[in-house]
Amino acid sequence: MTKPATHEETFEAGLAVRKKVLGDAHVERSLDNTTDFGRPIQELVTEYCWGTIWTREGLPLHSRSLINLAMLTALNRSHELGVHVRGALNNGVSREEIQEVFLQTAIYVGVPAALESFRIAESVFQELNVND
């Protein structure tokens, strides 16, 4: 049986994958700008979300990004969706794949949610100068 990772090891692994997906600048800005009140949630997200789940071998980062785009559309979480559109692009997800995810979500979670996701993705594409 392998020894479980310490909290610090899991946090550091999470920090590394979080930076790989979202970019160093975004993650450092999020951590640097957090308050004492918000610090526990940033630490929790980094350790458990990124360090425990995103580091698992069962799915590649590309697939995890596609799933996140669908879930964030369903939950109508526009800020996080924009962050994860950038992350999906970093993980090699194409504009066409993002488009297909949003079309799929239109059927299962509703057209208004998908329309908002299309708007957010287009804004990110323009900001990052990602063309067809």
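Residues numbered from 1 in each chain as written. Predicted model: local features only at pLDDT ≥ 70, side-chain atom pairs only at ≥ 80, totals over all residues. Heavy atoms only, no water.

**Student:** So what's going on with the layout of surface pockets? Which residues, and what values?
**Tutor:** In this approach the atoms are scanned with a rolling probe the size of a water molecule, which exposes any empty space left behind. Considering only enclosed or pocket space, the largest pocket measures out at about 450 Å³ in volume. Around the largest pocket, the lining is made up of 22 residues, and of these Val45, Cys49, Trp50, Glu80 and His84 lie nearest the centre. Elements with a contribution of two residues or more to the lining of the largest pocket: helix H1 (7-22), helix H2 (24-32), helix H3 (39-53), helix H4 (61-75) and helix H5 (78-90). Of the residues belonging to the lining of the largest pocket, the class tally is 13 nonpolar, six polar and three charged. (1 Å grid on protein atoms, 1.4 Å probe; cavity = no way out; pocket = protein on both sides within 12 Å on 5 of 7 lines; lining within 4 Å. Points joined across faces, edges and corners; volume = space filled by probe spheres on them. Helix = DSSP H or I, 4+ residues; strand = E, 2+ residues; numbered from the N terminus. Nonpolar A, V, L, I, M, F, W, Y, C, P; charged D, E, K, R; others polar.)

**Student:** Quick rundown of H1? Include the residues and the values.
**Tutor:** Spanning 16 residues, H1 covers 22 Å between terminal C-alpha atoms, matching the ideal 22 Å at 1.5 Å per step. Taken residue by residue, H1 has Thr10, Gly14, Leu15, Val17, Arg18, Val21 and Leu22 as its buried positions. The secondary structure elements touched by the buried residues of H1 are H2, H3, H4 and H5. Note on H1: the residue one or two positions beyond its end, Gly23, has a positive phi of about 95°. (Expected span 1.5 Å × (residues − 1). Buried < 20%, exposed > 50% of the residue type's maximum accessible area, 1.4 Å probe, protein only. Contact = heavy atoms within 4.5 Å.)

**Student:** Break down unusual backbone geometry for me, citing the residues and quoting the values.
**Tutor:** Residue Asn76 is not a glycine yet carries a positive backbone phi of 55°. Checked against the element boundaries, Asn76 lands in the loop between H4 and H5. Backbone geometry at Asn129 places phi at a positive 55°, although glycine is not the residue there. On the accessibility criterion, Asn129 (58% relative accessible area) is exposed.

**Student:** Outline the domain arrangement of the protein chain, supporting the account with residue identities and numerical values.
**Tutor:** The domains assigned to the protein chain are domain 1 (1-56) and domain 2 (60-131). For domain 1 versus domain 2, the separation of C-alpha centres amounts to 22 Å. If you look at the interface, domain 1 gives 10 residues, while domain 2 gives 10 residues. For the pair domain 1 and domain 2, the two sides together bury roughly 790 Å², of which 64% comes from carbon and sulfur. Interface area lost by domain 1 to domain 2 is led by Val21, Leu22 and Trp54, which between them contribute 64%. On the surface where domain 1 and domain 2 come into contact, there are zero salt bridges. Where domain 1 meets domain 2, there are three residue pairs in polar contact (both at pLDDT 80 or more). When contributions to the side of domain 1 that touches domain 2 are tallied by element, the ones reaching two or more residues are H1 and H3. No other element matches H1, which puts four residues into the side of domain 1 that touches domain 2. Looking at the side of domain 1 that touches domain 2, its residues break down into six nonpolar, two polar and two charged. (Domains from an automatic or database assignment. Buried area = accessible area lost by both parts, 1.4 Å probe. Salt bridge = Lys/Arg side-chain N within 4 Å of Asp/Glu carboxyl O. Polar contact = N/O pair within 3.5 Å; in protein donor to acceptor, adjacent residues only side chain to side chain.)

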